[in-house]
Amino acid sequence: MFFPGIITETKSNFKDVPEDFWAKEEIEFLSNKGVIKGYHDGTFKPNNGVTRAQFAVFL
């Protein structure tokens, strides 16, 4: 169904993850499930490396 005036596009959870980023859907999925949270400033920094400590928290 179409409802005029209702926007169906979802906005990215992180301001630095572009719409065409190769892992955007996975990042959004894990963020919505509460598995990942990103940084306090609203960024995810998708091109930064992951430390052992960050990966341990992820597991």
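Residues numbered from 1 in each chain as written. Predicted model: local features only at pLDDT ≥ 70, side-chain atom pairs only at ≥ 80, totals over all residues. Heavy atoms only, no water.

(A) Region of interest: the environment of Phe 14. Within the secondary structure, Phe 14 sits in the segment before α1 (24-32). Phe 14 sits 23 residues away from Lys 37 along the chain, and the two C-alpha atoms are 9.3 Å apart. If we skip the residues at most four places from it in the chain, Phe 14 touches Ile 27, Glu 28, Ser 31, Lys 37, Gly 38, Gly 42, Thr 43 and Phe 44. (Helix = DSSP H or I, 4+ residues; strand = E, 2+ residues; numbered from the N terminus. Contact = heavy atoms within 4.5 Å.)

(B) Quick peek at the packing of aromatic side chains. One pass over the full model with this rule turns up two aromatic pairs. Relative to Phe 44, the ring of Phe 14 has its centre 5.1 Å away and its plane inclined at 40 degrees; by these criteria the two rings are tilted. Taken as a pair, Phe 14 in the segment before α1 and Phe 44 in the loop between α1 and α2 (52-58) lie far apart in primary sequence, 30 residues in all. Exposure class is identical for Phe 14 and Phe 44. Each is buried. We note Lys 45 situated over the ring of Tyr 39; from NZ or CZ to the ring centre the distance is 4.3 Å. (Phe/Tyr/Trp six-rings, centres within 6.5 Å; stacked < 30°, edge-to-face > 60°. Buried < 20%, exposed > 50% of the residue type's maximum accessible area, 1.4 Å probe, protein only. Lys NZ or Arg CZ within 6 Å of the ring centre and 35° of its normal.)

(C) Just the pattern of salt bridges, in detail. This structure, assessed with the given rule, holds one salt bridge. With its nearest N and O atoms 3.8 Å apart, the salt bridge here joins Lys 24 to Glu 28. Remark: Glu 28 and Lys 24 occur in helix α1; sequence separation between them is four residues, near one turn of the helix. Assessed through its relative accessible area of 10%, Lys 24 is described here as buried. (Salt bridge = Lys/Arg side-chain N within 4 Å of Asp/Glu carboxyl O.)

(D) Molecular detail of the layout of surface pockets. Estimated volume of the largest pocket: approximately 660 Å³. Looking at the largest pocket, it is lined by 21 residues, and the ones nearest its centre are Ile 36, Phe 44, Val 50, Gln 54 and Phe 58. Taken together, the elements giving at least two residues each to the lining of the largest pocket come down to α1 and α2. Here the lining of the largest pocket takes four residues from α2, the largest share from any one element. Of the residues assigned to the lining of the largest pocket, the class counts are 14 nonpolar, four polar and three charged. (1 Å grid on protein atoms, 1.4 Å probe; cavity = no way out; pocket = protein on both sides within 12 Å on 5 of 7 lines; lining within 4 Å. Points joined across faces, edges and corners; volume = space filled by probe spheres on them. Nonpolar A, V, L, I, M, F, W, Y, C, P; charged D, E, K, R; others polar.)

Without other data, these values stay purely geometric and don't point to any function.
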